[in-house]
Amino acid sequence: MIRTVESEQHVSAPVLAAYSYCEAVTGQQARNFAYGIRLLPTSKRRAMSALYAFSRRVDDIGDGTLAPDVKAVRLEETRAVLARVRAGTVEEDDTDPVAVALSHTAEYFPVPLAGLDELIDGVLMDVRGETYETWDDLKIYCRCVAGAIGRLSLGVFGTEPGARGAERAPEYADTLGLALQLTNILRDVREDAEGGRTYLPADDLAKFGCSAGFDGPTPPPGSDFAGLVHFEVRRARALFAEGYRLLPMLDRRSGACVAAMAGIYRRLLDRIEREPEAVLRGRVSLPGREKAYVAVRGLSGLDARHVSRRTVRRRV
């Protein structure tokens, strides 16, 4: 049974210490994510940091330098930690602060922990070196590593009582995760290629003459790299448009958090669209002041109101 979120003074010292550890991991490793969750009330911010810290652990195993068979073992060990969290057998004095914080989060919020199993499944796909022939193939991967995180986050955010269409909120959260992941894939094309990974669908690469891959700061000879990027940007924008239908269903601060995180990635997408080849020269990012502006815009509710008006117009 999920309990009501308690007041801060009722959180035990070991649990507070576990959350502090997770918040430190989040602040150091996920600056875009950290900008968004700082808009949440304390209990939700801590819960989101616990979800992030566990997800970061999974990602770090997948991105590390261990042999594939060792990575697979480590990922299954992490799945065993998740099983203990699900079973409610993690004690407050456990030596794993992430497990302690995640267990507390699962006790107070209706987070679908199976989403973290999906994340592990997705990272195992990376470990196996899977490639993707079509967008439908890539969507399976994206739903594991990002759509699942959207659905987990919705468990923390909740929806407003009486929100119209709230039964579709998990679908919209999943779609927004896909939009964020596709943006990540575009941003990290060169970095992933250097690591021996290609995520963009083989069909798309062939269509734009990019099947040779991205092993340098310039596109493959004779390719239409800009055309490929613009094609994927349009796909990501359509996903954002669908996923943004979630915003009016959330309370003000949760909506602000989602709008801030999504807004940062949409601005990254704008930059990538303006200068496609920049992603082959290095990681495209936003300065801190621009992220702060996006956060303020999210807190003001501008994005949620804009999406709400647009949705109404579509229904009329």
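Predicted model, so just to flag it, every value in this text is computed and none were measured.

### Quick notes on the overall build of the chain
- From N to C terminus, the chain includes 14 helices and 0 strands.
- In the chain, the succession of α and β elements from N to C terminus is α-α-α-α-α-α-α-α-α-α-α-α-α-α.
- Partitioning the contacts of the chain with sequence separation of at least 6, the portion at a separation of at least 24 is 73%.
- For the chain, the exposed surface amounts to about 14600 Å²; the carbon and sulfur share of it is 51%.

### Considering the pattern of salt bridges
- Here the structure, examined in full by the defined rule, presents 28 salt bridges.
- For Arg237, the salt bridge identified is with Glu273, shortest N-O distance 2.7 Å. Of this pair, Arg237 sits in helix α11 (residues 225-243) while Glu273 sits in helix α12 (residues 252-274), placing them 36 residues apart in sequence.
- Judged by relative accessible area, Glu273 falls into the partly exposed class, the value being 30%.
- Counted as one network, the salt bridges with shared partners bring together Glu76, Arg79, Arg86, Asp117 and Asp121.

### Points about α11
- Compared with the 27 Å implied by 1.5 Å per residue over 19 residues, the 27 Å span of α11 between its first and last C-alpha is a close match.
- Looking at the packing, one finds that the buried side of α11 touches α7 (135-157), α8 (169-187), α10 (202-207) and α12.

### Observations concerning the environment of Ala47
- Positionally, Ala47 belongs in helix α3 (residues 42-63).
- By relative accessible area, which is 0% here, Ala47 ends up buried.
- Separated by 109 residues in sequence, Ala47 and Val156 have C-alpha atoms that sit 7.0 Å apart.
- If we skip the residues at most four places from it in the chain, Ala47 touches Tyr19, Thr105, Phe109 and Val156.

### So, the environment of Ala148
- By the secondary structure assignment, Ala148 is in helix α7.
- Each C-alpha atom of the pair Ala148 and Ala114 lies 8.4 Å from the other, and the pair is 34 residues apart in sequence.
- Aside from chain neighbours lying at most four places away, what touches Ala148 is Gly115, Glu118, Arg143 and Asp174.

### A word on empty space enclosed by the protein
- In this structure the tally under the stated criterion is 1 cavity of 30 Å³ or more.
- A per-element tally of the lining of the largest cavity places helix α9 (residues 189-194) first, with 3 residues.

### Description of the packing of aromatic side chains
- By the definition in use, this model includes 6 aromatic pairs.
- When the ring of Phe214 is compared with that of Phe225, the centres are 5.4 Å apart and the planes differ by 65 degrees; the resulting orientation is edge-to-face. Of this pair, Phe214 sits in the loop between α10 and α11 while Phe225 sits in helix α11; the two residues are 11 residues apart in sequence, bridging distant segments of the chain. The exposure classification of Phe214 matches that of Phe225, with both residues buried.
- The rings of Tyr132, Tyr141 and Tyr199 are connected pair by pair, giving a single aromatic cluster.
- Above the plane of the ring of Tyr244 lies Arg266, whose end atom (NZ or CZ) is 4.8 Å from the centre.

### Some details on the state of the cysteines
- Applying the stated criterion across every chain, the model contains 0 disulfides.
- Take Cys144: it sits in no disulfide, and the sulfur closest to it among the cysteines is that of Cys142, at 9.4 Å.

### What about the layout of surface pockets?
- Of the pockets and cavities examined, the second largest pocket occupies roughly 250 Å³.
- Gly88, Val90, Ser103, His104 and Glu107 are the residues nearest the centre of the second largest pocket, which is lined by 15 residues in total.
- Where the lining of the second largest pocket is concerned, the elements lending two or more residues are α4 (68-87) and α5 (97-108).
- For the lining of the second largest pocket, the per-class residue count stands at 7 nonpolar, 3 polar and 5 charged.

### Here we look at the side chain of Lys71
- Position of Lys71 among the secondary structure elements: in helix α4.
- Asp63 provides the closest opposite charge to the buried, salt-bridge-free Lys71, at an N-O distance of 6.6 Å.
- Dropping the residues within four chain positions of it, Lys71 is found in contact with Ile61, Gly62, Asp63, Gly64, Thr65, Leu66 and Val127.

### Some remarks on the confidence of the model for the chain
- Confidence in the prediction of the chain, expressed as mean pLDDT, is 89, and 88% of residues score 70 or more.
- Confidence drops under pLDDT 50 across residues 303-316; counting only partners more than four residues distant or on other chains, this segment forms 18 contacts.

What counts, and where the lines are drawn
- Residues numbered from 1 in each chain as written.
- Predicted model: local features only at pLDDT ≥ 70, side-chain atom pairs only at ≥ 80, totals over all residues.
- Heavy atoms only, no water.
- Helix = DSSP H or I, 4+ residues; strand = E, 2+ residues; numbered from the N terminus.
- Contact = heavy atoms within 4.5 Å.
- Areas by Shrake-Rupley, 256 points an atom, 1.4 Å probe, with all protein chains shown as cover.
- Salt bridge = Lys/Arg side-chain N within 4 Å of Asp/Glu carboxyl O.
- Buried < 20%, exposed > 50% of the residue type's maximum accessible area, 1.4 Å probe, protein only.
- Expected span 1.5 Å × (residues − 1).
- 1 Å grid on protein atoms, 1.4 Å probe; cavity = no way out; pocket = protein on both sides within 12 Å on 5 of 7 lines; lining within 4 Å.
- Points joined across faces, edges and corners; volume = space filled by probe spheres on them.
- Phe/Tyr/Trp six-rings, centres within 6.5 Å; stacked < 30°, edge-to-face > 60°.
- Lys NZ or Arg CZ within 6 Å of the ring centre and 35° of its normal.
- Disulfide = S-S within 2.5 Å.
- Nonpolar A, V, L, I, M, F, W, Y, C, P; charged D, E, K, R; others polar.
- Lys, Arg positive; Asp, Glu negative; His and termini not counted.
- pLDDT = per-residue confidence, 0-100.

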